[in-house]
Amino acid sequence: MRIGEMVRRTGVSERLLRYYEEQGLLRPERLPSGYRVYAEQDVETVRRIRALLAAGLTTDTIAKVLPCVREEGERLVPVCADLVAGLRGERERISRAIDDLQASRALLDIVIEAGPQPVAAGSR
């Protein structure tokens, strides 16, 4: 399928599809004219990429993950022995980022609470 059909089927822009290709996440065939031709399995690959990005993984990590997972129904199952250890590391990185964000939010709450309180409508 051509890039326009891929965009329609995945909901991902042409620009992002090209970016995924640059990152080594997709490998469409090229016609002599230079046009990209995507395989049916690329639709599912894009869905996996989007799910892994939403989980907080970087494209570098996703490039390592994609060849090492298979689908079982709705879930991705690792098939490479070292993948799980790497994903545990990613999970720890994400957990640290969440902790940092929660600390930032708590600091903002303190600053907001210390500021002037809004005047309620009609209480002037």
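Each remark here, short or long, concerns the structure printed above.
Attention here is on the structure that accompanies the text. (Residues numbered from 1 in each chain as written. Predicted model: local features only at pLDDT ≥ 70, side-chain atom pairs only at ≥ 80, totals over all residues. Heavy atoms only, no water.)

Here we look at the overall build of the protein
The number of helices and strands found in the protein is five helices and four strands. From first element to last, N terminus to C terminus, the protein shows the α and β order α-α-β-β-α-α-β-β-α. Each principal axis of the C-alpha distribution contributes one length, and for the protein these read about 75 × 40 × 25 Å. A buried classification covers 24% of the 124 residues belonging to the protein. The contacts in the protein between residues at least 6 apart in sequence include a share of 43% that link residues at least 24 apart. Carbon and sulfur atoms make up 54% of the accessible area of the protein, which totals about 9000 Å². Across the protein, 20 positive and 19 negative side-chain charges occur, with their mean positions spaced 3 Å apart. (Helix = DSSP H or I, 4+ residues; strand = E, 2+ residues; numbered from the N terminus. Buried < 20%, exposed > 50% of the residue type's maximum accessible area, 1.4 Å probe, protein only. Contact = heavy atoms within 4.5 Å. Areas by Shrake-Rupley, 256 points an atom, 1.4 Å probe, with all protein chains shown as cover. Lys, Arg positive; Asp, Glu negative; His and termini not counted. Charge placed at Lys NZ, Arg CZ, Asp CG, Glu CD.)

What about helix α2 (residues 14-22)?
Within α2 the residues assigned to the buried category are L17, Y20 and E21. Down the axis of α2, the sector holding all buried residues measures 100°, keeping them to one side. Projecting away from the buried face of α2 at angles above 90 degrees are the exposed residues R15 and E22. On its buried face, α2 sits against α1 (3-10), β1 (29-30), β2 (36-37) and α3 (40-54). (Arc of directions from axis to C-beta.)

Some points on the pattern of salt bridges
For the structure shown, the criterion picks out 10 salt bridges. The shortest N-O distance in the salt bridge between R18 and E14 comes to 3.0 Å. Note that R18 and E14 are positioned in helix α2 at a spacing of four residues, about one turn of the helix. For E44, the salt bridge identified is with R47, shortest N-O distance 3.7 Å. With E44 and R47 both in helix α3 and three residues apart, the pair spans about one turn of that helix. For R47, a relative accessible area of 43% puts it in the partly exposed group. (Salt bridge = Lys/Arg side-chain N within 4 Å of Asp/Glu carboxyl O.)

Thoughts on the packing of aromatic side chains
The geometry of an aromatic ring pair comes down to the distance between the two centres and the angle between the two planes. Taken as a whole and judged by the stated rule, the model has one aromatic pair. Where Y19 meets Y20, the ring centres are 6.4 Å apart and the plane angle is 55°; that geometry is what we call tilted. Judged by its relative accessible area of 1%, Y20 is buried. Stacked on the ring of Y35, the Lys or Arg R2 has its end atom at 4.2 Å from the ring centre. (Phe/Tyr/Trp six-rings, centres within 6.5 Å; stacked < 30°, edge-to-face > 60°. Lys NZ or Arg CZ within 6 Å of the ring centre and 35° of its normal.)

Remarks on the pairing of strand β4 (residues 75-78)
Pairing of strand β3 (residues 69-72) with β4 involves four bridges; the strand directions are antiparallel. Bridge pairing in β4 places E72 opposite R75. Taking the residues between adjacent antiparallel strands as the criterion, β3 and β4 are bridged by two residues, where G73 takes a positive phi near 65°. (Pairing = 2+ DSSP bridges.)

Describing the side chain of E90
Mapped onto the fold, E90 is located in helix α5 (residues 83-114). Those residues in contact with E90 that lie beyond four places of it in its chain are L57 and T61.

Things to note about the environment of R93
With respect to the secondary-structure elements, R93 resides in helix α5. Residue R93 is classed as partly exposed on the basis of its relative accessible area, which comes to 30%. C-alpha separation for the pair R93 and R36, spaced 57 residues apart in sequence, amounts to 35 Å. Setting aside anything within four residues of it in sequence, one finds R93 in contact with G56, L57 and T58.

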